[in-house]
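Fold and geometry: a report
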Amino acid sequence: MSHDATTEQLFFDRAGLDNATVTRLVGDALQGADDGELFLEYRQSESISLDDGRIKSATFDTVQGFGLRAVSGEATGYAHASELSQAALLRASETVKAVRQGSGGILDVAPTGTNRALYTDANPLSLIPFETKVALLEKIDAYARAKDPSVVQVMASLLGSWQAVRIMRADGHFASDIRPMVRINVSMIVARGERRETGSYGMGGRVTYDGLIGDTAWQGAVDEALRQALVNLDSVAAPAGDMTVVLGPGWPGVLLHEAIGHGLEGDFNRKGTSAFSGRIGERVASPGVTVVDDGTMPDRRGSISIDDEGTASSRTVLIEDGILKGYIFDRLNARLMGTRPTGNGRRQSYGSQPMPRMTNTFMLAGDKPAEEIIASVKNGLYAVNFGGGQVDITSGKFVFSATEAYLIEDGKIGPAVKGATLIGNGPDVLTRVSMIGNDLELDDGVGTCGKDGQSVPVGVGQPTLRIDGLTVGGTGG
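Attention in this report is confined to the structure presented alongside it. (Residues numbered from 1 in each chain as written. Predicted model: local features only at pLDDT ≥ 70, side-chain atom pairs only at ≥ 80, totals over all residues. Heavy atoms only, no water.)

On to the overall build of the chain, then. Each helix and strand counted, the chain has 12 helices and 24 strands in total. The C-alpha extent of the chain, read off along each of the three principal axes, is 70 × 55 × 35 Å. The burial tally for the chain puts 55% of its 477 residues in the buried class. Sequence separation of at least 24 residues holds for 76% of the intrachain contacts in the chain that already meet a minimum separation of 6. (Helix = DSSP H or I, 4+ residues; strand = E, 2+ residues; numbered from the N terminus. Buried < 20%, exposed > 50% of the residue type's maximum accessible area, 1.4 Å probe, protein only. Contact = heavy atoms within 4.5 Å.)

The subject of this paragraph is the pattern of salt bridges. Taken as a whole and judged by the stated rule, the model has 33 salt bridges. When the shortest N-O distance is used, the salt bridge between Asp234 and Arg192 registers 2.7 Å. One end of the pair, Asp234, is in the loop between helix H7 (215-233) and strand S7 (236-237); the other, Arg192, is in strand S5 (residues 174-192), and 42 residues separate them in sequence. On the basis of relative accessible area, Arg192 is assigned to the partly exposed category, the value being 46%. (Salt bridge = Lys/Arg side-chain N within 4 Å of Asp/Glu carboxyl O.)

Tracing the sequence through the fold places Asn344 in the loop between helix H10 (331-336) and strand S12 (345-346). Among all residues touching Asn344, those that are not within four sequence positions of it are Asp293, Asp307, Thr316, Ile328, Phe329, Met355, Pro356, Arg357, Met358 and Thr359.

It is worth spelling out the sheet that holds strand S14 (residues 360-363) at this point. Judged by pairing direction, the sheet is mixed, and its 6 strands sit side by side in the order S11-S10-S9-S14-S23-S20 without closing on themselves. Lying at the two open borders of the sheet, with one neighbouring strand each, are strand S11 (323-324) and strand S20 (441-442). Pairing between strand S9 (residues 291-294) and S14: 3 bridges, direction antiparallel. Counterpart to Val292 in the pairing with S14 is Phe362. Helix-sheet contacts for helix H8 (residues 253-261) involve S9, strand S10 (315-320), S14 and strand S23 (459-462), and the interaxial angle to S23 is about 115°. (Pairing = 2+ DSSP bridges. Axes fitted to C-alpha atoms, helices over the stretch in contact; angles between N-to-C directions.)

The next point concerns the side chain of Asn360. Tracing the backbone shows Asn360 in strand S14. Its relative accessible area of 2% is what places Asn360 among the buried residues. A distance of 3.5 Å separates a polar atom in the side chain of Asn360 from the backbone nitrogen of Gly459. Setting aside anything within four residues of it in sequence, one finds Asn360 in contact with Val292, Asp293, Asp294, Gly295, Met297, Arg300, Arg301, Gly302, Ser303, Val458 and Gly459. (Polar contact = N/O pair within 3.5 Å; in protein donor to acceptor, adjacent residues only side chain to side chain.)

Our next topic: the sheet that holds strand S1 (residues 35-51). One open sheet accounts for 6 strands, arranged S3-S2-S1-S4-S5-S6; its pairing is antiparallel. The two strands at the open ends of the sheet, each matched to only one other strand, are strand S3 (75-81) and strand S6 (195-205). Recorded for the sheet is a direction-independent mean angle of 20° between the axes of neighbouring strands. When S1 meets strand S4 (residues 151-168), the two strands line up antiparallel, connected through 14 bridges. For Asp51, the partnering residue across the bridge sits in S4 and is Met155. Along the sheet face, helix H3 (residues 86-96) touches S1, strand S2 (54-72) and S3 and points at about 55° away from the line of S2. Most of the contacts of H7 go to S6, to which it runs at about 150°, and overall it touches S4, S5 and S6.

Pasting the structure below:
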């Protein structure tokens, strides 16, 4: 069954509606507005977690609803409801009509559907029995404890969702998408004497559980979580001061996402609150630094066939060879800045309004082997994994905690360190990149991005990078 047929059955047949009737209602609600849409959503989700050999929680949830938006100039009228009926749509229509006096700046870009099959439309929640999922979590616990006697606690979880969306506009254009998502998380605590340390690993994407159920996948996740925990068990206090920092490939791209990516979103730049505002065409990074946002990558966690306004996703070059080339846009900010949307209008659910958000954001590879980059550093820090961080969009200042890092001593990786934080400024750190590895990696499918109270799945990535003169906070001498 096609996506259009599936969403028509989910949204209209159950409610006694049809496409023509809903299109007419949307057209009446948005008459005179510059832009707007009806966003319809149906989502099933589940979460199963195990802690210390016992199932700690198991949840299943189904949500369905719509959001109706009218946009005039910068003003927005928005109404949403969990009830999908003609009466509910009429009530929402009366609400949004309050702002539908258009300014004449209508965006002349009709969203269109896409035939790209970026991911399966299968529902991962129904393909594998609940008992099989529970058994997998129990096997993870047993395997972890058998691997090393220092393991004292194991936590594991499976999360899955299946989302169907349909976006309808006043002119009759509509687009549909079916979006699966799965994720597995493993974390553990290891102990040696009085000392305890943790390690964690997760993976997933817009796929079914099949790839996670196989022994190779989940055992690899356990092995990696255990490796990190044992590394931390032998770690020493991190030094403090300005030093050369080498970032490992893959997940460390989360620093790029937070410290730089948010500053390239269209709303911050339209309002002039980003450190990158008004700098298109300027050098903002070292030569060789190219950053893209790509929502078109098959099966990736951050990928979307269409965004939540119905615009097809795209590959947008943000920085090319150190030169700022563009921003990512939803429809509202694209219209107000006189450009075209890039397929980055995203929302958490039908109860949220869309805004420009990243999809899969990463730096392209350079030409240096990772070994050469590390060998070039006499004394510094090699940061491989990161936890939480804070970023100020206006100033670009950031603070990030490294969950796995090592000293670099005379060009070689030395002892692991604990408590290292990286402190800097996003636009400034791009200019301090002096070597770019040829080993681009993307994260393993666990990223979630928060903005204005909304969370959406994203991807990050980068090659190994050498950054000169970055401030490291630590507790060591």
